[in-house]
Amino acid sequence: MTVAGFGSLALAACLLAPLVGSTPIRLTAVFDRSIPFADNVDAQIFFVARLPRVLAAALVGSGLALAGVVFQALLRNPLASPDTLGVSAGAALGAVLAITFNADFSLLGVSAIPLATLAGSLGALAIVYGLSAARRRGASSMVLLLAGVTLTTLLGALTTFVRYLADFTQTLQTVRWLMGSLDVGSYGPIGAALVPLTLACAGFATLPRVLDLLSVGAESAAARGVNVPRAEKIALASASLATGAAVSLAGPLSFVGIIVPHLVRLLVGADHRLVLPAAALFGSAFLIACDLVARTAFAPAELPVGIVTAIIGGPVFLWLLFRRQ
């Protein structure tokens, strides 16, 4: 019933958010087939301007929330998230490189920036995991976390250096991208992001029992028949794919991947059979709500959604920290 409640919340957000904005629309006019689409302003606002943003927010929110759940359970650390492990920083560096050096290529219809974002996230994870595995067989959670924090700082410095080399137009584009935005403009980027997200979800589907056991300890999980190195690789690769896909759509959004898992665990407990689907649904609803605030708070101007997630997420995370004491 709890997951059904989260599902109802996500569905309500998806249905209601496209109806709200600085320009009022009539739902009857949106679906009125007697009016040609080229002349139907309400339908254009609904299907072209708002619905893609809502769908993108749903995918990004669920992807980041799922990645946060997996990272926190795998590393047994409540601070673990795509931000602290360097995955988001790697994705950001890939995108900034593509923007600054005017990368002009595509693969299967996907443009350079999303591809560079995904490659950056996977590259960052490969470095972190390699450093951890080099110290001892399998991934050491402490080394993995410390390497991620260090790599985040290093990649952030490299991103700043690349921005320093860029001209004014490129710098403005990268700054706006780094603030986070769900103004995808069409359904194409959403379809492209669905591919890695689907692969990531296939990996997540194998993990609920494994994450329950790994949360207790790698030794305990191994004693119960879990192939720990294999499970860690699946978990890390899936979480990185989800993060890369999410960042390719919206840019780096802070706090989504860290507060949503904590809030969900407060409501459903620690069983990952419930936590994973609940986090995906609540993450979708949360980011749709944040984007709605970004679109309407200072209408007709729009805030970058990354600002909203940081303003909301920061105090919520502080509350969670003090609540644990």
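Above this text sits the structure in question.
Residues numbered from 1 in each chain as written. Predicted model: local features only at pLDDT ≥ 70, side-chain atom pairs only at ≥ 80, totals over all residues. Heavy atoms only, no water.

*Asks:* How would you summarise the overall build of the protein if you had to cite specific residues and measurements?
*Replies:* A tally of helices and strands in the protein yields 14 helices and two strands. Its C-alpha atoms give the protein a radius of gyration of 20 Å, near enough to 20 Å, the size a compact globule of 325 residues would have. Burial analysis of the protein (325 residues in total) assigns 50% to the buried set. Once local pairs closer than 6 in sequence are excluded, the contacts in the protein between residues at least 24 apart make up 74%. On the protein, roughly 15200 Å² of surface is accessible, and the fraction owed to carbon and sulfur atoms is 68%. (Helix = DSSP H or I, 4+ residues; strand = E, 2+ residues; numbered from the N terminus. Rg over C-alpha atoms; globule rule 2.2 N^0.38 Å. Buried < 20%, exposed > 50% of the residue type's maximum accessible area, 1.4 Å probe, protein only. Contact = heavy atoms within 4.5 Å. Areas by Shrake-Rupley, 256 points an atom, 1.4 Å probe, with all protein chains shown as cover.)

*Asks:* Go over the side chain of serine 62, please, and point to the residues and values.
*Replies:* Following the sequence through the fold, serine 62 ends up in helix 3 (residues 41-75). For serine 62, a relative accessible area of 13% translates into the label buried.

*Asks:* Help me get a handle on the environment of phenylalanine 101, residues and values and all.
*Replies:* Looking at where phenylalanine 101 falls in the secondary structure, it is placed in the loop between helix 4 (87-100) and strand 1 (106-107). Here the alpha-carbon distance between phenylalanine 101 and proline 277, two residues 176 residues apart in the chain, equals 39 Å.

*Asks:* How would you sum up helix 12 (residues 256-268)? Please name residues and give values.
*Replies:* A rise of 1.5 Å per residue sets the reference length of helix 12, with its 13 residues, at 18 Å; its end C-alpha atoms lie 18 Å apart and thus fit the reference within 8%. Counting buried residues along helix 12, 10 of its 13 residues qualify, which places the element largely inside the surrounding structure. Within helix 12, burial applies to Val256, Gly257, Ile258, Ile259, Val260, Pro261, His262, Leu263, Val264 and Val268. Once helix 12 finishes, glycine 269 follows within two positions and takes phi at roughly 90°, a positive value. (Expected span 1.5 Å × (residues − 1).)

*Asks:* Tell me about unusual backbone geometry, and please be specific about residues and values.
*Replies:* Phi is positive for arginine 76, which is not a glycine, with a value near 55°. On the basis of relative accessibility, which here comes to 38%, the residue arginine 76 falls in the partly exposed class.

*Asks:* Let's hear about a nonpolar patch on the surface: which residues, and what values?
*Replies:* Residues Leu97, Phe101, Phe161, Tyr164 and Leu165 make up a contiguous nonpolar surface patch of about 590 Å² in total accessible area. Tallying contributions element by element places helix 6 (residues 141-165) first for the nonpolar patch, with three residues. Relative to the elements of secondary structure, leucine 97 occurs in helix 4. What makes leucine 97 partly exposed here is its relative accessible area of 34%. (Patch = residues over 30% accessible without salt bridge, like charges linked within 9 Å, V, L, I, M, F, W, Y side chains within 5 Å. Salt bridge = Lys/Arg side-chain N within 4 Å of Asp/Glu carboxyl O.)

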